[in-house]
Structures are given as structure tokens and as C-alpha cells.
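Residue strings, one per chain:
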Amino acid sequence: MKGGLLVDDEFIHEEERSLTVRKTSLFFAGDGFTVYDCKGSLVFRVDSYGGPNTRDTDEVVLMDAHGRCLLTLRRKRPSLRRRWEGYLGERSDGQKPIFGVRRSSIIGRNSVTVEVYGDYQCSEYLIEGSFGARSCTVVEAETRRKVAEVRRKVDASTNVMLGKDVFSLNVKPGFDGAFAMGLVLVLDQIYGDDLLEVGEEQVHPSAEDL
């Protein structure tokens, strides 16, 4: 298989795709998300039940637009939120994870390793940069090939940078968009909105920005 982990071939494309990721609440890290394609159609969603303890959950579920469970992401204990594992579909007792994510250092913010289990073309990825600043890249550890990027989103009509509750997830050709979004969810659990600049203007999007 070429590219990233195959969660569902519906989300693997021959051309690069730019997705708009929007937090459905602006108050707590780990809240829900909705993800749209360039036409404004819903691609993924992550429901949240709200509250200050949302980030402390042990599991986060990534669903498609119809509510079908694609990935279950589970914090591995004890890990201080530094180790997470991904399970295909809705996790059941005794099910083995298909990938693991670990933060190499509590202090370092640009050292996250993704290990893919099983027989896949690429067994390890690195996530470099700052998720809190919405500027990070997923690369194949061995080849250094970029497979996905998180970037700040700019309003095309006003050229104004939007707030960090809305950002772009760019998925390279052949890489699984569901896998990429699963990694975003893990990063949100690990880092949340750390590194927000003091005094930075937050511009919230209208429907036309999605």
C-alpha cells in the first residue's frame, strides 16, 4: 500500500486535499471538531459533551459525516497524556491497536513519534513543529517525505488570518485523511491550545470561510 495507514479508502485521494478543521467549542482543549472539504461538505466529526474535564477523557472517537466510527483513540496509562493508541473502528476489549503516538519529551514540543503496527509500507512517522501554533508537519521518518500538514487558515476574501479554533489540514496524495485527522485529535489531547500568543486577535469564520 502506498502512503499512510489505510483506515478507509474513501479518504485516500490521488490529489492533495485541503480540509478545514473547526473546533465546535472555543473554551476547552479536547472539545468536538467538525471537518469540511473545499466544497463545504462535512467529512469528519468528533462529538464533545463539553465541560472542563473533556480533555481528561481516555478515549476520543473519530466519525465520518454519517456518524460511522472510523477510529478510536485511547490514552495509554500511565503516560501523563504522552502516549496514545489508535484502534480501527469502535474499540472492543482485547482489540489490538493499529498505531501508537508518543511524545518524546515533556519539555520538547516538536518531537512526536507515530509508530504504525503491522505490515505497512511506512512503519514510523514524525510530527514536527508546533500544534499549539497550528504549524506542524507529518513526515515519514526514513524518507522525510511530507504526508500531511496543519496550518493557520487565512480568509481568502479579506486576507485576515482566522483564529486558532479554525485551521487547515492538508493531506498529501495517497495518504489517508482519516489517519491524518486521528493524529490531529491526539495532538489536541497532548498539547491543546498551548503557545497561544498573548494579545493575538482572534477572528472567527463565517460559513463562507469553510
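Conventions used here
- Residues numbered from 1 in each chain as written.
- Predicted model: local features only at pLDDT ≥ 70, side-chain atom pairs only at ≥ 80, totals over all residues.
- Heavy atoms only, no water.
- Helix = DSSP H or I, 4+ residues; strand = E, 2+ residues; numbered from the N terminus.
- Contact = heavy atoms within 4.5 Å.
- Areas by Shrake-Rupley, 256 points an atom, 1.4 Å probe, with all protein chains shown as cover.
- Pairing = 2+ DSSP bridges.
- Buried < 20%, exposed > 50% of the residue type's maximum accessible area, 1.4 Å probe, protein only.
- Phe/Tyr/Trp six-rings, centres within 6.5 Å; stacked < 30°, edge-to-face > 60°.
- Axes fitted to C-alpha atoms, helices over the stretch in contact; angles between N-to-C directions.
- Core = buried A, V, L, I, M, F, W, Y, C linked by side-chain atoms within 4.5 Å.
- Salt bridge = Lys/Arg side-chain N within 4 Å of Asp/Glu carboxyl O.
- pLDDT = per-residue confidence, 0-100.

(A) Quick peek at the overall build of the protein chain. When helices and strands are tallied, the protein chain shows 1 helix and 12 strands. Helices and strands in the protein chain line up, N terminus first, as β-β-β-β-β-β-β-β-β-β-β-β-α. Within the protein chain, counting contacts between residues at least 6 apart in sequence, those at least 24 apart form 45% of the total. In the form shown here, the protein chain has an accessible surface area of approximately 10,600 Å², with 48% of it arising from carbon and sulfur atoms.

(B) Spotlight on the pairing of strand β3 (residues 42–46). Where strand β2 (residues 33–36) meets β3, 4 bridges bridge the pair, whose relative direction is antiparallel. Following the sheet pairing, Val35 is matched in β3 by Phe44. Connecting the antiparallel pair β2 and β3 is a turn made up of 5 residues, with Gly40 showing a positive phi of about 85°. Taken together, the 2 bridges between β3 and strand β4 (residues 59–64) define a ladder with antiparallel strand orientation. Bridging across to β4, Arg45 finds its partner in Met63.

(C) Representation of the environment of Gly163 within the structure. Residue position: Gly163 is located in the loop between β11 (146–152) and β12 (166–171). Owing to a relative accessible area of 1%, Gly163 belongs among the buried residues under this scheme.

(D) Local environment of the packing of aromatic side chains. According to the stated counting rule, one finds 6 aromatic pairs in the structure shown. Between Phe131 and Phe167 the ring centres are 5.9 Å apart and the planes differ by 90°, which places this aromatic pair in the edge-to-face class. Highlighted residues: Phe131 in the loop between β9 (124–130) and β10 (135–140) and Phe167 in strand β12, separated in sequence by 36 residues. Comparing Phe131 with Phe167 shows no difference in burial state: the two are buried.

(E) Expanded view of the sheet that holds β4. One closed barrel accounts for 12 strands, arranged β1-β2-β3-β4-β5-β6-β7-β8-β9-β10-β11-β12; its pairing is antiparallel. Averaged over all neighbouring strand pairs, the angle between strand axes comes to 20°, with direction disregarded. The pairing of strand β5 (residues 69–75) with strand β6 (residues 83–88) spans 5 bridges and is classified as antiparallel. Residue pairing in the sheet places Thr72 in a bridge with Tyr87 of β6.

(F) Seen up close, the nonpolar core. Ranked by size, the top nonpolar core spans 45 residues in total, and within it Phe44, Leu62, Phe99, Tyr125, Leu169, Phe179 and Met181 carry the most contacts. Counting residues per element, this core draws most heavily on helix α1 (residues 177–191), which supplies 11 residues.

(G) Highlighting the pattern of salt bridges. Scanning the entire structure with this criterion turns up 16 salt bridges. For Glu149, the salt bridge is made with Lys146, and the minimal N-O distance between the two is 3.8 Å. Assessed through its relative accessible area of 44%, Lys146 is described here as partly exposed. Each of Glu16, Lys146, Glu149, Arg151 and Lys172 takes part in one network of salt bridges that share partners.

(H) Examining the pairing of β12 more closely. For β12, the tally of buried residues reaches 6 of 6 residues, placing the bulk of the element in the interior. Here 6 bridges tie strand β1 (residues 17–23) to β12, and the two strands are oriented antiparallel to one another. Paired with Arg22 across the bridge in β12 is Val166.

(I) Representation of unusual backbone geometry. With a phi close to 70°, Arg144 is a non-glycine residue in the positive phi region. Summarising the element assignment, Arg144 is placed in the loop between β10 and β11. Given a relative accessible area of 43%, Arg144 falls into the partly exposed group. Positive phi outside glycine occurs at Asn159, with the angle close to 60°.

(J) Summary view of the confidence of the model for the protein chain. Confidence in the prediction for the protein chain averages 81 pLDDT; 75% of positions are at 70 or higher. Taken element by element, the predicted model of the protein chain shows its lowest mean pLDDT in strand β7 (residues 99–103) (91) and its highest in β12 (97). Low pLDDT, under 50, characterises residues 195–210; the predicted model gives this stretch 27 contacts beyond four residues in sequence or across chains.

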